[in-house]
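Structural features, examined
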Amino acid sequence: MLRRLAPALFVLVLVAGSYLFARIPPVSAEARDAVGSRFQFTKMAIALPPGLPERTVRVVNPKYERIRSWVSSVGAAIAVNDLDGGGKPDDLCLVDTRSDSAIVTPVPGTGGTYAPFVLDPAPLPVSATSAPMGCVPGDFNQDGRMDLIVYYWGRTPVLYLHRADATGLTLATFQPTELVPQAETSGDGYRGPLWNTNAVSVADFDGDGYPDVGVFNYFPDTAVLDPNGQPNVQMNHSMSRARNAGGAHILRWTGATGGAKPAVTFQEQPAIDPQYATGWTLAASAADIDDDLLPELYVANDFGQDRFFHNVSTPGRIAFKLTEGTRGPFDPKSLVVGHDSFKGMGVDFGDLRNTGSFDMFVSNITTSWGLEESNFFWKANTSTPAEARKRMAKGEAPYDNDAADMGLAWVGWGWDTKMADFDNSGDLSIVQAAGFVKGTINRWSWLQELAMTNDLMLQDPTLWPNARPGDDIAGSQPFAFWAKDKPDHYINVAKSLGMTDGTPSRGIAVADTTGTGVQDFAVARQWGAPEYWRNDRKAAQDFLGLRLCRPAIGTPGAGTPAYGAKVKITMADGRTRIAQLDGGGGHSGKRSFDVFFGLGEAGSKPVSAELSWRDTDGGVHRQTLSLASGWHTLMLTTEAKEVPTR
């Protein structure tokens, strides 16, 4: 009898052991509260224009009708920057899905005097079957004034260029311009390409000193939001290897003018091998890993296989080469760069371990008793940039996953993520959006059935289980606030900070909105009001804040963001840390252009800062400065010179 029962007993022991091994390690309330006590935030409402509708689901193509809540699950977005030219990043550009509006509004409590307004693309052709999905600030025509890109489902992105003769901040401040020129630019409706964009990354990809734009589409170019659209729409053809999405478009900056009628031109370049460019992309971000001031690119794809690209561009020609992680004998395939079958939802670069190298944090679906995958913490595994360059030249991504050991593996249904030092301790924290579709009827069982469905059936949306208003899939998950509780380990302290609202969140934006040396953040909610979290930490001189500029074109004395600039600091205790001017990346949240370091125990002591940048002729410059704590504005030409900070 024992011999007959042995297989069953073995299975029971194996399952029980696996459960004990794999379950999320518990964290006591006392330990969580002790770490959370380092932070103090106040939630504040964000002002919106009056009279906007408050819908809760979108109108969709008839073939998507049965899954319209699923199709309506993205689009909330938020970005923070200095849009009014006042010298501080105290303006927001957000997308409110309830009204399908892109909105400009002041950061609460910062004294903004203009009224919130909706960005209207008119006189460009307007489509009733498009919806904004995100907003990216940037000085795209390089005149020293902040512009905006709004990207959509149902059309190509629109540039809102800041007019030189504008006063104040209103809709009239901006001139709507097509990012991608259309054959027909006026008339009774939009007739251009039906791009369905969910990620935009802005960086100086080719090293010529100007901002290039990566546009990454989710659904194929079809009428997703048209109730009378052609029935040629589709879903992913695989849960783990889907490559039938809208595709990547890499646009190189080629020229610009300022004035009352500003303009900027971009040229699309075949920078990515097409076989790697058609994942269902939800996030993309860029950072220079090998210290050649050409940023590498990470593309987070839903339904499997994120992509990490080595930048092999030259000025005038953008080119990326695929790299993948090296799998060891005990490494699960999905925990190796480029081999995963997970659902990439967000990505951010940061020096999370204070090593002077960029690590990456990637959001995935990690819901217990649901789809429990794992977030990625891609840990840099090379000791020098030269070693990283050598590895990438051979097609090897210089990263290993260490999410579980760092305590960062599981949160729920993750989305956008941003790293920042909110207590000026010298250690980065992580804010991570979470939650999917909010309703009253738990439909996880249906989603589990979908996950086990034959791939041959997935592409047809009529064969999917219902996801309609009232259905709930991970709909009550608060966003996470990860903080370090010990060296190389993090815990989620959101509950201790009162961050318990379960309305699904999407975009995260971070900035020191007051210029006092403490970083705040804002959160975009899917089918809910956006929120601003003011950092109540007492201002002190225990930080280094840098505003890095190049001379603007046609505006004497003005500066434009130094896209691609990096800073590596050495603190008094000998530790090194690295950060960059982030031109805009991730899922649907965009941080300010400031480069910020909390100084921790170094306090207000001077900091040695090594700056690296390219000029507008492609030349590489490096300079080391001794900088006092506090804010500095540096103009980067052939050398770095401090200029007055407004």
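Scoring rules and cut-offs
Residues numbered from 1 in each chain as written. Predicted model: local features only at pLDDT ≥ 70, side-chain atom pairs only at ≥ 80, totals over all residues. Heavy atoms only, no water. Phe/Tyr/Trp six-rings, centres within 6.5 Å; stacked < 30°, edge-to-face > 60°. Helix = DSSP H or I, 4+ residues; strand = E, 2+ residues; numbered from the N terminus. Buried < 20%, exposed > 50% of the residue type's maximum accessible area, 1.4 Å probe, protein only. Salt bridge = Lys/Arg side-chain N within 4 Å of Asp/Glu carboxyl O. Contact = heavy atoms within 4.5 Å. Disulfide = S-S within 2.5 Å.

Here the structure, examined in full by the defined rule, presents 34 aromatic pairs. A centroid spacing of 6.4 Å and a plane angle of 45° characterise the contact between tyrosine 298 and phenylalanine 308, whose relative ring orientation is tilted. Of this pair, tyrosine 298 sits in strand β15 (residues 296-302) while phenylalanine 308 is found in strand β16 (residues 307-311), placing the two residues 10 residues apart along the sequence. We note that tyrosine 298, like phenylalanine 308, is buried. Judged by centre distance (5.4 Å) and plane angle (45°), the rings of phenylalanine 422 and phenylalanine 481 are tilted. In this pair, phenylalanine 422 is assigned in the loop between β22 (414-420) and β23 (429-434) and phenylalanine 481 in strand β26 (residues 480-486), connecting sequence segments 59 residues apart. Across the pair, phenylalanine 481 and phenylalanine 422 agree in class, each one buried. Following the ring pairs from residue to residue traces out a cluster consisting of Phe39, Phe41, Phe422, Phe479, Phe481, Phe521 and Trp533.

Turning our eyes to something else, we now look at the pattern of salt bridges. By the definition in use, this model includes 32 salt bridges. In this structure, the salt-bridge partner of arginine 252 is aspartate 206, at a minimum N-O distance of 2.8 Å. One end of the pair, arginine 252, is in strand β12 (residues 247-257); the other, aspartate 206, is in the loop between β10 (197-203) and β11 (212-217), and 46 residues separate them in sequence. On the basis of relative accessible area, aspartate 206 is assigned to the buried category, the value being 0%.

Our next topic: the environment of phenylalanine 436. As for its position among the elements, phenylalanine 436 is in the loop between β23 and β24 (441-442). On a C-alpha basis, the gap between phenylalanine 436 and methionine 452 in space is 19 Å, while along the polypeptide they are 16 residues apart. Residues contacting phenylalanine 436, with those up to four places away along its chain left out, are Trp70, Ser73, Trp413, Trp415, Ile473, Ala474, Gly475, Pro504 and Arg506.

What the rule picks out here adds up to 1 disulfide. Disulfide partner of cysteine 93: cysteine 135, at an S-S distance of 2.0 Å. Measuring handedness by torsion sign, the sulfur bridge of cysteine 93 and cysteine 135 sits at about 95° and is right-handed. With cysteine 93 in strand β3 (residues 91-96) and cysteine 135 in strand β6 (residues 131-138), this residue pair connects regions lying 42 residues apart in the sequence. Judged by relative accessible area, which is 1%, cysteine 93 ranks as buried. Residue classification places cysteine 135 among the buried positions, given a relative accessible area of 2%.

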